[in-house]
Amino acid sequence: MNIVVLISGDGSNLQAIIDAVEDNTIPATITRVISNKASAFGLERAQRHHIPTTVLQKKHFANREKYDEALLACLKETQADLIVLAGFMHILSATCVQHFTGKIINIHPALLPKFRGLHTHQRALDAQENTHGSTVHLVTAELDAGQIIAQAAFPITDKDTADTLERKVKHIEHQLYPKVIALFATEQLHFDGRSLVYNHSPLPMQGLQWAFT
Ligand code: GRF
């Protein structure tokens, strides 16, 4: 399986995926890492592991349409089986999502369908939630609204702040995302053209619910 990872920042999820590929937990190859930020630390992580990188910055294109065209062309060229968004801060065009239907996944730092969009940790605190966590979902044209593949939750304590929640979420994401990608790579999970199939049965609507320590 040919995986392409899209990032914008630190790339700690990218690192977890690289590590899982290297120890063969994910039987796949990361053929390219694409960033929309030249300064993304994740690019260095990729280079350290000899993974080819591409930087595509919006400022180098006349407008959003041109940028989206270039990104789509770049993704087509990779012939990716699975496109993994790992902190990629750009909403993919509808054309792009359509072209790769069922092949793009994202990790979102909240228990979807709660808290789509940004500032999820503070919003979970403000809403006095008892639990928080992370969700891996299929990417569709609507932001953070595609089918839920898997979630991992943990309790929120009185002492939690947005910072501690971010740390806790990342800690579980580093286990959650590689585990989902491994399911795709081992064909236990696949998109049948309409929806996701998990071990020959339709994936439950609420996704797979996992617990990590
Ligand atoms: C993660 O928390 C992910 O859920 C969100 O962006 C963050 C990326 O972090 N989409 P990193 O760059 O992988 O460290």
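Every value quoted in this text rests on a predicted model; they were computed, and no experiment measured them. (Residues numbered from 1 in each chain as written. Predicted model: local features only at pLDDT ≥ 70, side-chain atom pairs only at ≥ 80, totals over all residues. Heavy atoms only, no water.)

*Asks:* Lay out the nonpolar core in plain terms, naming residues and giving numbers.
*Replies:* Judged by nonpolar contacts, the single largest core of 48 residues is most densely connected at Ile26, Ile105 and Ile149. Broken down by element, the residue count for this core peaks at 11 residues, all from helix H6 (residues 162–185). Sequence-distant contacts of Ile26, that is, excluding residues within four places in its chain, are made with Ile3, Ile17, Ala20, Val21, Pro178, Ile181, Ala182 and Ala185. Counting 19 residues, the second-largest nonpolar core is a separate cluster that includes Val4, Ile34, Ile83 and Ile104. (Core = buried A, V, L, I, M, F, W, Y, C linked by side-chain atoms within 4.5 Å. Buried < 20%, exposed > 50% of the residue type's maximum accessible area, 1.4 Å probe, protein only. Helix = DSSP H or I, 4+ residues; strand = E, 2+ residues; numbered from the N terminus. Contact = heavy atoms within 4.5 Å.)

*Asks:* How would you explain unusual backbone geometry if you had to name every residue and give the values?
*Replies:* Of the consecutive residues Leu112 and Pro113, the connecting peptide bond is found in the cis state with omega at 10°. Turning to its location among the elements, Pro113 is positioned in the loop between strand E5 (104–108) and helix H5 (120–126). The phi dihedral of His50 falls on the positive side, at around 60°, and the residue is not glycine. Turning to its location among the elements, His50 is positioned in the loop between helix H2 (41–48) and strand E3 (53–55). Of the residues examined, His50 reaches a relative accessible area of 72% and is grouped as exposed.

*Asks:* I'd like to hear about the site of the ligand, residue by residue, with values.
*Replies:* Surveying the vicinity of the ligand reveals the residues Asp10, Gly11, Ser12, Asn13, Gly87, Ile107, His108, Pro109, Lys170 and Glu173. Asn13 is positioned with one of its backbone polar atoms (N or O) 2.8 Å from an oxygen atom of the ligand. Here a nitrogen atom of the ligand and a backbone polar atom of Ile107 are 2.9 Å apart. Protein burial of the ligand: of its 370 Å² of free accessible surface, 86% is covered by the chains. At the level of secondary structure, the elements contributing two or more residues to the shell around the ligand comprise helix H1 (12–22), E5 and H6. (Near = heavy atom within 4 Å. Polar contact = N/O pair within 3.5 Å; in protein donor to acceptor, adjacent residues only side chain to side chain. Areas by Shrake-Rupley, 256 points an atom, 1.4 Å probe, with all protein chains shown as cover.)

*Asks:* Quick one: what's the story with H6, residue by residue and with numbers?
*Replies:* Counted at 1.5 Å a residue, the expected span for H6 with its 24 residues is 34 Å, and the 33 Å between its end C-alpha atoms agrees. A maximum bend of about 30° is found in H6 at Glu173. (Expected span 1.5 Å × (residues − 1). Bend = angle between axes of the 7 residues up to and from the residue.)

*Asks:* Could you give me a rundown of the packing of aromatic side chains, with the residues and numbers involved?
*Replies:* All told, the structure shown has 2 aromatic pairs when counted by the stated rule. Between Phe61 and Tyr67 the ring centres are 5.5 Å apart and the planes differ by 80°, which places this aromatic pair in the edge-to-face class. Residue class for Phe61 comes out partly exposed when judged on its relative accessible area of 25%. Aromatic side chains Trp210 and Phe212 sit 6.4 Å apart centroid to centroid with 70° between the ring planes, which places their arrangement in the edge-to-face category. Phe212 matches Trp210 in its accessibility class, with the two residues each being buried. (Phe/Tyr/Trp six-rings, centres within 6.5 Å; stacked < 30°, edge-to-face > 60°.)

*Asks:* So what's going on with the sheet that holds strand E9 (residues 196–198)? Residues and values would help.
*Replies:* Pairing is antiparallel in the open sheet, where 3 strands are placed in the order E8-E9-E10. If you trace the sheet from one side to the other, it starts and ends with strand E8 (189–191) and strand E10 (201–202), each paired once. Sheet topology note: the E8/E9 ladder contains 3 bridges and is antiparallel. Within E9, the position partnered with Leu189 by the bridge is Tyr198. (Pairing = 2+ DSSP bridges.)

*Asks:* How would you explain the side chain of Ser134 if you had to name every residue and give the values?
*Replies:* Within the secondary structure, Ser134 sits in strand E6 (residues 131–138). Overall, Ser134 belongs to the buried group, its relative accessible area being 0%. A polar contact of 3.2 Å, which involves the side chain of Ser134, links it to the backbone oxygen of His108.

*Asks:* An account of the sheet that holds strand E7 (residues 148–155) is needed here, citing residue identities and associated values.
*Replies:* Pairing is mixed in the open sheet, where 8 strands are placed in the order E3-E2-E1-E4-E5-E6-E7-E11. In this open sheet, the two edge strands, each paired with only one partner strand, are E3 and strand E11 (208–210). Neighbouring strand axes in the sheet, compared pairwise and without regard to direction, differ in orientation by 20° on average. Strand direction decides the pairing type here: strand E1 (residues 2–7) and strand E4 (residues 82–85), joined by 4 bridges, are parallel. Bridging across to E4, Val4 finds its partner in Ile83. (Axes fitted to C-alpha atoms, helices over the stretch in contact; angles between N-to-C directions.)

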